[in-house]
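# Inside the fold
Single-letter residue listing:
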Amino acid sequence: QVQPVESGGGLVQTGGSLRLSCVVSGRIFSAMGWFRQAPGKEREFVAATSQSGRLTKYADFARGRFTISRDSAKNTVYLEMESLKPEDTAAYYCNTGSAAGALATMATTGSWGQGTQVTVSS
């Protein structure tokens, strides 16, 4: 299975920005998505992009603040996060899926990586 490697997390203040990256081994011929899991909570969908990158989907909390993009030549998907809030604190993961819409329902097709921790201080 495809093994993703996430990076770019860190500690930021409320209102700050971060750019997460996810590199996947091998060529990616699928949709890609970002997910997050806060302590004591279930993993939830954040954003997804289609294989072409032309279609994107966002969770309500991410829409307008987060932007997903991909560079297929580099087998990399990005998540630009702005106006971060303390409630965005979580471990962020990426995964593959058959379509952006499927990823929005948590239907993933790859393995989970180690994730990258995002901590937003108030």
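One structure accompanies this document, and this report is about it. Given the structure is predicted, the values throughout are model-derived calculations rather than measurements. (Residues numbered from 1 in each chain as written. Predicted model: local features only at pLDDT ≥ 70, side-chain atom pairs only at ≥ 80, totals over all residues. Heavy atoms only, no water.)

### A word on the sheet that holds strand β8 (residues 76-81)
- Across the sheet, 4 strands lie side by side as β1-β3-β8-β7; this open sheet has antiparallel pairing. The sheet is open, and its two borders are formed by β1 (4-7) and β7 (66-71), each paired with just one other strand. Between one strand axis and the next, the sheet turns by 15° as a mean value, whatever way the strands run. (Pairing = 2+ DSSP bridges. Helix = DSSP H or I, 4+ residues; strand = E, 2+ residues; numbered from the N terminus. Axes fitted to C-alpha atoms, helices over the stretch in contact; angles between N-to-C directions.)

### Some thoughts on the packing of aromatic side chains
- For the structure shown, the criterion picks out 4 aromatic pairs.
- Aromatic pair F35 and W112: ring centres 5.2 Å apart, planes at 85°, arrangement edge-to-face. Residue F35 is located in strand β4 (residues 31-37), and its partner W112 is located in the loop between α1 (100-104) and β10 (116-121); the two are separated by 77 residues in the primary sequence.
- Exposure remark for F35: the relative accessible area of 0% places this residue in the buried category.
- For W112, a relative accessible area of 31% gives the class partly exposed.
- Relative to W112, the ring of Y93 lies with its centre 6.0 Å away and its plane at 85°, an arrangement referred to as edge-to-face. (Phe/Tyr/Trp six-rings, centres within 6.5 Å; stacked < 30°, edge-to-face > 60°. Buried < 20%, exposed > 50% of the residue type's maximum accessible area, 1.4 Å probe, protein only.)

Any functional reading would require information that these geometric values do not contain.
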